[in-house]
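Here are the chains, one letter per residue:
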Amino acid sequence: MQPEDAVPQQAGAASRVDFLLRETGVIIETKMTRPSLTDKKVGEELAIDWNRYQRHPDCQAIMGVVYDPDRYVSNAAALEHDLSSDDSDPATRVLVIR
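Residues numbered from 1 in each chain as written. Predicted model: local features only at pLDDT ≥ 70, side-chain atom pairs only at ≥ 80, totals over all residues. Heavy atoms only, no water.

Engineer: Go over the overall build of the protein chain with me, naming the residues and quoting the values.
Structural biologist: The helix and strand tally for the protein chain stands at 2 helices and 5 strands. Mapped from its N terminus to its C terminus, the protein chain presents α and β elements in the order β-β-β-α-β-α-β. The buried share of the protein chain, reckoned over its 98 residues, is 37%. Long-range pairs, those at least 24 residues apart, make up 60% of the contacts in the protein chain with a sequence separation of at least 6. With the model as given, the accessible surface of the protein chain reaches about 5700 Å², and the carbon-plus-sulfur share is 50%. (Helix = DSSP H or I, 4+ residues; strand = E, 2+ residues; numbered from the N terminus. Buried < 20%, exposed > 50% of the residue type's maximum accessible area, 1.4 Å probe, protein only. Contact = heavy atoms within 4.5 Å. Areas by Shrake-Rupley, 256 points an atom, 1.4 Å probe, with all protein chains shown as cover.)

Shown next, in the form of structure tokens:
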């Protein structure tokens, strides 16, 4: 596992993935909720990040890990369901941990 791997620039914006499991091609993006980062905002941020990450040459799948100890995400199951897809390219999965 290597932290903070660079992603090719898109529209002048650079990104870094939180973790890259290079052997398997899995990118892991982490988020920690707060009063200003709830369901909608987490989903929007992950969608933007994932759009960039799919351009990474090693990306085969993307996992989002959302740490929500104070329960700012009102419907964790819906967030996980809506953003997880085995049919997308790359495949995506979200896990909300409380």
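Engineer: Outline helix 2 (residues 76-83), listing residues and values.
Structural biologist: Taken as a whole, helix 2 has its buried residues at A76, L79 and L83. Projected onto a plane normal to the axis of helix 2, the buried residues spread over an arc of 65° and lie on a single side. In helix 2, the exposed positions that point more than 90 degrees away from the buried face belong to A77, H81 and D82. Along its buried surface, helix 2 packs onto helix 1 (39-53) and strand 5 (91-97). (Arc of directions from axis to C-beta.)

Engineer: Pulling in residues and values, what's your account of the pairing of strand 3 (residues 26-32)?
Structural biologist: Both faces of the sheet carry side chains from a regular strand, because those side chains alternate between them. Here 7 bridges tie strand 3 to strand 4 (residues 61-67), and the two strands are oriented parallel to one another. Opposite T30, over in strand 4, you have V65 as the bridge partner. In this fold, strand 3 hands off to helix 1, which returns the chain to strand 4; that crossover is right-handed. (Pairing = 2+ DSSP bridges. Right-handed = clockwise from strand over helix to strand, strands pointing away.)

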